[in-house]
Amino acid sequence: MQEPQFVLPQQRPAWQQLLLRWLISSLGIFAAVWIVPGIEFSGPGWHIGIVALVFGLLNALLRPLLYVLTCPLVILTLGLFGLVINAVLLGLTSALADQIGIIFHIDGFWPAFWGGLVISLITTILSFLAGDTRVQVVRVQPPQQ
């Protein structure tokens, strides 16, 4: 019996991966503004790209620190506390956007929580569809006797 052969997709250059993630994050934030009441955005569309950039930087810089500081809560809630961390980071993004003159406002914790959930779902789905997230299925056969 012949072993199945897998062909891995070509790896994108780093700049293309960053650009793709930035565009997907922008679409996720746009969806959150559109779906979640309590998240308001006003201004030219390219400002959402700046909000996505700020959100991405906060995720890259603060998320690991917040996960380390709240590790017992993350473990106790089986990872669901990560949604609270995402809401906090989205609230910080709103505060920083206000500081740089972009009208991106979140009315409290619950809109930030649901907005973070929408952004997470949209970015996960779009990353998978774009081929940015790899899924590998491994089939293990028992040894034949």
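Residues numbered from 1 in each chain as written. Predicted model: local features only at pLDDT ≥ 70, side-chain atom pairs only at ≥ 80, totals over all residues. Heavy atoms only, no water.

Draft legend 1. Molecular detail of the overall build of the protein. If you tally the helices and strands in the protein, you get 5 helices and 2 strands. Starting at the N terminus and ending at the C terminus, the protein contains elements arranged as α-β-α-α-α-β-α. In terms of overall dimensions, the protein has a C-alpha envelope of 65 × 35 × 25 Å along the principal axes. Here the protein holds 145 residues, and 32% of them are scored as buried. In the protein, of all internal contacts separated by at least 6 residues, the share reaching a separation of at least 24 is 70%. Considering the protein, the positive charge centre built from 5 side chains and the negative charge centre built from 5 side chains are found 17 Å apart. (Helix = DSSP H or I, 4+ residues; strand = E, 2+ residues; numbered from the N terminus. Buried < 20%, exposed > 50% of the residue type's maximum accessible area, 1.4 Å probe, protein only. Contact = heavy atoms within 4.5 Å. Lys, Arg positive; Asp, Glu negative; His and termini not counted. Charge placed at Lys NZ, Arg CZ, Asp CG, Glu CD.)

Draft legend 2. Spatial organisation of the side chain of S94. Residue placement: S94 occurs in helix α4 (residues 81–99). You can call S94 buried: its relative accessible area is 5%. Among the polar contacts listed, one links the side chain of S94 to the backbone nitrogen of I106, at a separation of 3.4 Å. Among residues more than four places away in sequence, those in contact with S94 are F104, H105 and I106. (Polar contact = N/O pair within 3.5 Å; in protein donor to acceptor, adjacent residues only side chain to side chain.)

Draft legend 3. How the structure looks around helix α5 (residues 109–130). Given a rise of 1.5 Å per residue, 22 residues ought to cover 32 Å, and the 31 Å separating the end C-alpha atoms of α5 matches this to within 8%. Those residues of α5 that sit buried are P111, A112, F113, G115, G116, V118, I119, T123 and S127. Residues of α5 that are buried in the fold lie against α1 (14–35), β1 (39–42), α2 (46–69), α4 and β2 (103–106). (Expected span 1.5 Å × (residues − 1).)

Draft legend 4. Seen up close, the nonpolar core. Membership of the largest hydrophobic core comes to 26 residues, with the highest contact counts inside it found for I29, I39 and F104. When residues in this core are grouped by element, the largest group, 6 residues, is from α2. Once residues lying within four places of it in the same chain are set aside, the contact partners of I29 are I48, V51, A52, F55, F104 and I119. (Core = buried A, V, L, I, M, F, W, Y, C linked by side-chain atoms within 4.5 Å.)

Draft legend 5. Representation of the packing of aromatic side chains within the structure. If you walk through the whole model with that rule in mind, you get 4 aromatic pairs. Centre to centre, the rings of W110 and F113 are 5.4 Å apart; their planes meet at 70 degrees, and the pair counts as edge-to-face. Taken together, the positions of W110 and F113, both in helix α5 and 3 residues apart, correspond to about one turn of that helix. Ring geometry for F113 versus W114: centroids 5.1 Å apart, planes at 85 degrees, classification edge-to-face. By relative accessible area, which is 14% here, F113 ends up buried. Here W114 falls in the partly exposed class, since its relative accessible area comes to 45%. (Phe/Tyr/Trp six-rings, centres within 6.5 Å; stacked < 30°, edge-to-face > 60°.)

Draft legend 6. Geometry of the packing of α2 against α4. Close contact between α2 and α4 brings their axes to 9 Å; oriented N to C, the two are set at 135 degrees. Taken together, α2 and α4 sit at an angle that is classed as oblique. For the pair α2 and α4, the crossing hand works out as right-handed. Each of V51, V54, F55, L58, N59, L62, R63, L66 and Y67 in α2 lies in contact with α4, whose residues at this interface are G82, I85, N86, L89, L90, L92, T93, L96 and A97. Class assignment of the residues belonging to the contact of α2 with α4 gives a composition of 13 nonpolar, 4 polar and 1 charged. (Axes fitted to C-alpha atoms, helices over the stretch in contact; angles between N-to-C directions. Parallel < 35°, antiparallel > 145°, perpendicular 65-115°, else oblique. Left-handed = near helix turned anticlockwise from the far one by under 90°. Nonpolar A, V, L, I, M, F, W, Y, C, P; charged D, E, K, R; others polar.)

These figures come from the coordinates and say nothing about function on their own.
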